[in-house]
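Geometric and topological summary
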Amino acid sequence: YIEKLQALVQGQVLQRARMLNAFVLRTAVPPIGSCEGRAVADVQRLGKRVVLVLEGGPVIVIHLMIAGRLRWLARSAKLPGKLALAVFEFDHGQLVLTEAGTTRRASIHVVADAAALKTLDPGGIDILACTPAEFAARLKSENHTLKRALTDPRLFCGIGNAYSDEILHRARLSPVSLTKTLPDEHVQRLQDATRAVMAEWTDRLRAEADRAGGWPDKVTAFHPQMAVHGRYGQPCPDCGAPVQRIVYTSNEANYCARCQTGGR
């Protein structure tokens, strides 16, 4: 999304911002109307949020959560019914925020400037840029399961539920191992797997979007190429054992017992 938006809207004037759902906009000051008539100076990423920095100060922050998606449509195109939560109109097209289902988790915040944007940063470190020492220190700063630690935005930047499953499978580590008892060699294995998995999937999804015509229309957390995520009961691609799962609240962990938990 970031790369495509940089090409499409950076330098373009936001003509109009329409909130189609009263609950998607979570801030009142500055008003969303203050963003209209301003050019997009930059498109950035803040964790898993999409950030539109506008000339003169205002910043639009879009959090897709689980079911939120961004669509790029022609100005004359019909909006996708009840799925559409907000529309950002430009001369050459419109950026539409949609969300499937009835639970409204996707959100938009408008903050006054780049300084105010920092208040929305949970503080997770960049997993592709941090040193081994920084990774280890952050991982062991609190005693959590590896699954929880990887997906905590206060610890690590931008790892969601799906990719945490893939990372732990690649590292051959249990999702319920505790961070503070993890041996140093396992910490390094985890960091190596984190970098490899996130880089590989970024490249794969970028290529898929290019083949589809340039816009990532099929963004999902479930892909047939994944090793364990969303593959409960199916064979592990490495050993053939059935993928297991641990279900909790509205989430779950997928793993291979033979590869990751010693058969347990």
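Report follows, based on the coordinates. In this text, all values refer to a predicted model and were calculated from it rather than measured experimentally.

**Quick notes on the layout of surface pockets**
Counted as a void, the second largest pocket has a volume near 160 Å³. The wall of the second largest pocket is formed by Glu166, His169, Arg170, Arg172, Val197, Glu200, Trp201, Arg204, Gln225, Met226, Ala227 and Asp238. Looking at the lining of the second largest pocket, the elements with two or more residues in it are helix H5 (161-171) and helix H6 (184-211). When the residues that make up the lining of the second largest pocket are grouped by side-chain class, the tally is 4 nonpolar, 2 polar and 6 charged.

**A short note on H6**
Taking 1.5 Å per residue, 28 residues should reach 40 Å; H6 reaches 41 Å between its end C-alpha atoms and fits that length. Burial in H6 covers these residues: Val187, Leu190, Gln191, Ala193, Thr194, Val197, Met198, Trp201 and Ala209. Buried positions along H6 lie against helix H1 (2-9), helix H3 (132-139), helix H4 (146-150) and H5. Directly beyond the C-terminal end of H6, a positive phi value near 110° is found at Gly213.

**Quick notes on the packing of aromatic side chains**
Enumeration over the complete set of coordinates arrives at 4 aromatic pairs. Seen in terms of ring centroids, Trp72 and Phe90 are 6.1 Å apart; in terms of plane orientation they differ by 40°. Their pairing is tilted. Separated by 18 residues along the polypeptide, Trp72 in strand E6 (residues 68-73) and Phe90 in strand E7 (residues 84-90) bring together distant segments of the chain. When sorted by exposure, Trp72 lands in the same class as Phe90, which is buried. Lying across the ring of Trp201, Arg204 places its NZ or CZ 4.3 Å from the centre. A cation sits over an aromatic face here: Arg245 above Tyr232, 4.0 Å from the ring centre.

**Concerning unusual backbone geometry**
Each neighbour pair has its own omega, and for Val29 with Pro30 the value is -5°, a cis peptide bond. Along the polypeptide, Pro30 turns up in the loop between strand E2 (16-19) and strand E3 (38-46). Despite not being glycine, Met65 has its phi angle at roughly 55°, a positive value. Examined against the element boundaries, Met65 turns out to sit in the loop between strand E5 (59-63) and E6. Non-glycine residue Arg172 carries a positive phi angle of around 60°. Take Arg172: it is sitting in the loop between H5 and H6.

**Some thoughts on the sheet that holds E2**
Backbone-to-backbone hydrogen bonds pair the strands of a sheet. The strands run either parallel or antiparallel. One open sheet holds the 4 strands; their spatial order is E2-E7-E8-E6, and the pairing between them is antiparallel. At either end of the open sheet lies a strand with only one pairing partner, and these are E2 and E6. Pairs of neighbouring strands in the sheet enclose a mean axial angle of 15°, with direction left out of account.

Cut-offs and rules
Residue indices follow the written sequence of each chain, beginning from 1 at its first position. Reporting of local features is limited, given that this is a predicted model, to residues whose pLDDT is at least 70; pairs of side-chain atoms are given and counted only at 80 or more, and all residues count toward the totals for whole chains, interfaces and linings. Only hydrogens and water are set aside; all other atoms, that is, all heavy atoms of the structure, feed into the side-chain values. In this analysis a 1.4 Å probe is tested at points of a 1 Å grid over the protein atoms alone, and where it fits but cannot get out there is a cavity; an open set with protein on both sides within 12 Å along at least five of seven lines is a pocket; lining residues have an atom within 4 Å of a point. Grid points are joined across faces, edges and corners, and a volume is the space filled by probe spheres set on the points. For the purposes of this entry, the term helix denotes a DSSP run of H or I that reaches at least four residues, the term strand denotes a run of E that reaches at least two, and both are numbered from the N terminus. For this classification, Asp, Glu, Lys and Arg are treated as charged, while Ala, Val, Leu, Ile, Met, Phe, Trp, Tyr, Cys and Pro are nonpolar and the rest, including Gly, are polar. Each residue after the first adds 1.5 Å to the expected span of a helix. Relative accessibility thresholds used throughout: buried, under 20% of the residue-type maximum; exposed, over 50%; partly exposed, between the two (1.4 Å probe, protein chains only). Pairs of residues are marked as contacts when any of their non-hydrogen atoms sit within 4.5 Å. Any Phe, Tyr or Trp ring, taking Trp's six-membered ring, that has another such ring centre within 6.5 Å forms a pair; planes under 30 degrees apart are called stacked, those over 60 apart edge-to-face, and the others tilted. Comment: the charge-over-ring label is applied if NZ (Lys) or CZ (Arg) is within 6 Å of the ring centre and within 35 degrees of the ring normal. Following DSSP output, two strands are said to pair if at least two bridges run between them. Helix axes are fitted only over the stretch in contact, all axes being lines through C-alpha atoms; the angle between N-to-C directions runs from 0 to 180 degrees.

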